[in-house]
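Architecture and fold: a report
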Amino acid sequence: MGVEITQDFFRYRCDDPSVAWELVLAGCGVGLGYTIHAANEPNVQRVLSNAPEMSRPIWLTSHAELKTSARVRAVFDFLAFELTASPGKTT
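Okay, so let's go over this structure.

1. Re a nonpolar patch on the surface
Together, Ile58, Leu60, Val75, Phe78, Leu79 and Leu83 make up a nonpolar patch on the protein surface, roughly 540 Å² of accessible area in all. Tracing the chain through its elements places Leu60 in the loop between α2 (35-38) and α3 (70-84).

Written as structure tokens, this is what we have:
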């Protein structure tokens, strides 16, 4: 995005996304989060609203029973559909 940022730039650092999000909710400062989560939090406000949203790939994997178990296949297909649906759209 054109801004050089080093590790010293951050007041806190957390490798666990769930803990990092809880730090944001606790008011510990500016942090990264999913827009769909932030939309449901009245105390979270988006900053740099003109900045482009970042994206990350999601990998959906399964064990070999995907080919032999109708239940595993049904769950896999449901997750695949939901992960490719538009944000905010649920079945």
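2. Describing helix α1 (residues 17-25)
Along α1, the residues classified as buried are Ala20, Trp21 and Val24. In an axial view of α1, the angular spread of the buried residues amounts to 100 degrees, which keeps them on one side of the axis. Opposite the buried face of α1, by more than 90 degrees, sit the exposed residues Ser18 and Glu22. Contacts made by the buried residues of α1 are with α2. The backbone nitrogen of Ser18 has a side-chain oxygen 2.8 Å away, supplied by the residue at the start of α1, namely Asp16. Phi for Gly27, located one or two positions after α1, is positive at around 85 degrees.

Rules and cut-offs
- Every chain is numbered on its own, with residues counted from 1 as its sequence reads.
- Local features in this predicted model are restricted to residues whose pLDDT is 70 or higher, and side-chain atom pairs enter the listing and the counts only when it is 80 or higher, whereas totals over whole chains, interfaces and linings include all residues.
- Just so you know, side-chain values use all the structure's heavy atoms and leave hydrogens and water out.
- Residues form patches when they are more than 30% accessible in relative terms and have no salt bridge. Like charges link within 9 Å. Nonpolar side chains (Val, Leu, Ile, Met, Phe, Trp, Tyr) link within 5 Å.
- Each accessible area value is a Shrake-Rupley result obtained with a 1.4 Å probe; residue values ignore everything except the protein chains displayed when judging cover.
- A pair is scored as a salt bridge if a Lys or Arg side-chain nitrogen falls within 4 Å of a carboxyl oxygen belonging to Asp or Glu.
- Counting from the N terminus, the helices are DSSP H or I runs at least four residues long and the strands are E runs at least two residues long.
- Each residue gets one of three labels from its accessible area relative to the maximum for its type: buried under 20%, exposed over 50%, partly exposed in between, using a 1.4 Å probe on protein chains only.
- When we speak of the arc, we mean the arc of directions from the helix axis to the C-beta atoms.
- Whether two residues are in contact is decided by their heavy atoms: any pair within 4.5 Å suffices.
- We call two N or O atoms a polar contact when they sit within 3.5 Å, provided that within protein one can donate a hydrogen and the other can accept it, with sequence-adjacent residues counted only if both atoms are side-chain atoms.

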